[in-house]
Amino acid sequence: LRRAIPSASCWKRRSTFPPRPLRGTANKPDLPVWPVCNIKININSNSVYTKAILDTGNFLKEPITKIPVAVVEKDVLKGVIPEKILNNLSNIIEGKEIDLGEYLSKIRLIPFMSLGKENGMLIGIKADGLTVNTQEDVVFIKNIIIGIYDGSLSKTGKYRALIGLELLENKGGNEENEHIRTVKI
């Protein structure tokens, strides 16, 4: 079964599903090249911008609502999420009592598995929206959870967030997700 990826336009060429990394650069012809996009995260009327990589292996979802999760480095979220939350991620995971204020209803626990970590846990925050700006269009995703990663996702700092291709391909993997697409001029 072959189908085109309708909105993965930050890829340098169209591909089939599942997508494969682009191959080659002038200096390293055998290494895969993953597309990097600009994103804007909106939480409680605050916004932050960063670069994200389209991660074809990111199928992470909040287990109860099945809302997709975009993973973002903790340092990027300073200014949009209170320091009290960002500095107490492990205490929140352990269930220690912390006053989360207005964020209490937005906090989610996201179990995950990855290489080297079978039973990992991320703190997630229900965002008001995520805007993904690719080379050809802008995609707004309303139903999204931001997983807070306490570390660096890229050795070079080229990107600071991971978004799943599913977010662009099928409106966030949730039929109730509002999805707006506009073409950049």
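Above this text sits the structure in question.
Below: a short report on this structure.

Reading guide: rules and limits
- Residues numbered from 1 in each chain as written.
- Predicted model: local features only at pLDDT ≥ 70, side-chain atom pairs only at ≥ 80, totals over all residues.
- Heavy atoms only, no water.
- Helix = DSSP H or I, 4+ residues; strand = E, 2+ residues; numbered from the N terminus.
- Buried < 20%, exposed > 50% of the residue type's maximum accessible area, 1.4 Å probe, protein only.
- Pairing = 2+ DSSP bridges.
- Polar contact = N/O pair within 3.5 Å; in protein donor to acceptor, adjacent residues only side chain to side chain.
- Contact = heavy atoms within 4.5 Å.

Overview of unusual backbone geometry
- Phi at Ser45 is positive, roughly 65°, even though this residue is not glycine.
- Summarising the element assignment, Ser45 is placed in the loop between β3 (36–43) and β4 (46–55).
- Judged by relative accessible area, Ser45 falls into the exposed class, the value being 77%.
- Positive phi values are uncommon outside glycine, yet Lys66 reaches one of about 65°.
- Positionally, Lys66 belongs in the loop between β4 and β5 (69–73).
- By relative accessible area, Lys66 is classed as partly exposed at 46%.

Some thoughts on the pairing of strand β6 (residues 107–114)
- Alignment of β6 against strand β7 (residues 117–127), held across seven bridges, turns out to be antiparallel. Its bridge partner being in β7, Ser114 is matched across the sheet by Lys117.
- Here β6 hands over to β7 after two residues, with Gly116 in that stretch at a positive phi of 85°.

Remarks on the side chain of Asn58
- Looking at the element boundaries, Asn58 is found in the loop between β4 and β5.
- At a separation of 3.0 Å, a polar atom in the side chain of Asn58 contacts the main-chain amide nitrogen of Leu60.
- Residue contacts for Asn58: discarding those within four places in its chain leaves Val69, Val71, Leu162, Ile163 and Gly164.

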